[in-house]
Amino acid sequence: MITFTELLTASDDDLVRLFYKINTDTADDFILRINKVATQLGMNHSQLVCALGFNRHIRDLSDIFSTLGFRSYKLLSYRRNELFRTDTYNQLPIDNILDIFSERLEDQQILESLREMLHPRLQHIEEDIDRNGDPAHIISYRMEVHSIYGAGIVDKTFAEARISKDIGRFRVIANEVQVIIEAKFLPPSNLFFMDSLVPEEKKDLIEHDHITPAMITNRLQNKLISPEERDMLEGYL
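This is a predicted model, so every value here is computed, not measured.

### Some points on the packing of aromatic side chains
Counted according to the given criterion, the structure contains six aromatic pairs. With 6.4 Å between their ring centres and 80 degrees between their planes, F84 and F101 make a pair best called edge-to-face. Residue F84 is located in helix 6 (residues 73-86), and its partner F101 is located in helix 7 (residues 94-103); the two are separated by 17 residues in the primary sequence. One exposure class covers both F84 and F101, and it is buried. With a centroid separation of 5.2 Å and an interplanar angle of 85 degrees, the aromatic rings of F192 and F193 are classed as edge-to-face. Under the relative-accessibility criterion, F192 is labelled buried at 0%. Residue F193 is classed as partly exposed on the basis of its relative accessible area, which comes to 31%. Put simply, the rings of F54, F84 and F101 touch in pairs and so form one group of aromatic residues. Sitting over the face of the ring of F84, R121 holds its NZ or CZ atom 4.7 Å from the ring centroid. Cation over ring: K202 sits above F192, and NZ or CZ is 5.7 Å from the ring centre.

Here you go:
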């Protein structure tokens with residue numbers, strides 16, 4: 001048995017020693033082979049593929065990923081990316097996700113892959129929250145968003161893309177605007193005057209003392225703001 005974190009961070013020598021003991025049947029298809037190996041290691045399919053796939057040493061260990069039925073590292077990475085993008089904390093709990101993020105800077109190729117997957121992954125999770133509203137998933141989502149910014153994975157361009165999307169409800173859930181400010185990607189004054197922020201986000205900026213009365217007065221001069229935002233802003237004058 002081995003934990004997700006131990007497999008994710010294992011050295012090349014440790015991986016060789018571990019998989020030397022693994023039993024597989026080459027007659028099985030790759031899904032069945034992964035499942036059987038995962039069972040031997042005490043984890044699930046997604047955990048095995050992602051822990052191994054995000055391990056920075058696995059790229060050159062062809063004997064190991066071929067054990068799982070992958071003819072190349074690229075094929076392993078395709079499966080890894082598919083599972084990472086589409087899981088909603090069911091097979092990869094938040095602790096696993098945070099471990100992946102903490103390891104990302106050890107390998108530039110892995111870091112770039114993570115960056116490419118973040119927008120579709122978060123969108124998939126948001127759609128799941130919309131459907132199910134699972135409180136545990138909401139907490140995990142908030143933790144993940146904070147980790148993405150805090151771990152230095154994303155940049156200003158990512159923050160701007162998130163702000164421009166019609167996902168105000170989810171930014172509020174994650175307290176994302178405050179995280180963006182703390183990361184120094186966008187100043188509060190710029191955020192306050194953006195039409196894409198919902199009234200609740202602007203209220204939070206005001207209550208955190210980021211916004212002056214003069215700025216509120218200036219914003220109220222915009223005739224295009226929504227009645228909800230106008231009512232909220234007038235309450236602070």
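Picking up after the structure, the text goes on.
### Overview of unusual backbone geometry
Unusually for a residue other than glycine, Y89 sits at a positive phi of about 65 degrees. Note on placement: Y89 falls in the loop between helix 6 and helix 7. Taking relative accessible area as the criterion, Y89 reaches 8% and is therefore assigned buried. With a phi close to 55 degrees, N175 is a non-glycine residue in the positive phi region. Structurally, N175 is set in the loop between helix 11 (168-174) and helix 12 (176-182). What makes N175 partly exposed here is its relative accessible area of 24%.

Rules and cut-offs
Residues numbered from 1 in each chain as written. Predicted model: local features only at pLDDT ≥ 70, side-chain atom pairs only at ≥ 80, totals over all residues. Heavy atoms only, no water. Phe/Tyr/Trp six-rings, centres within 6.5 Å; stacked < 30°, edge-to-face > 60°. Helix = DSSP H or I, 4+ residues; strand = E, 2+ residues; numbered from the N terminus. Buried < 20%, exposed > 50% of the residue type's maximum accessible area, 1.4 Å probe, protein only. Lys NZ or Arg CZ within 6 Å of the ring centre and 35° of its normal.

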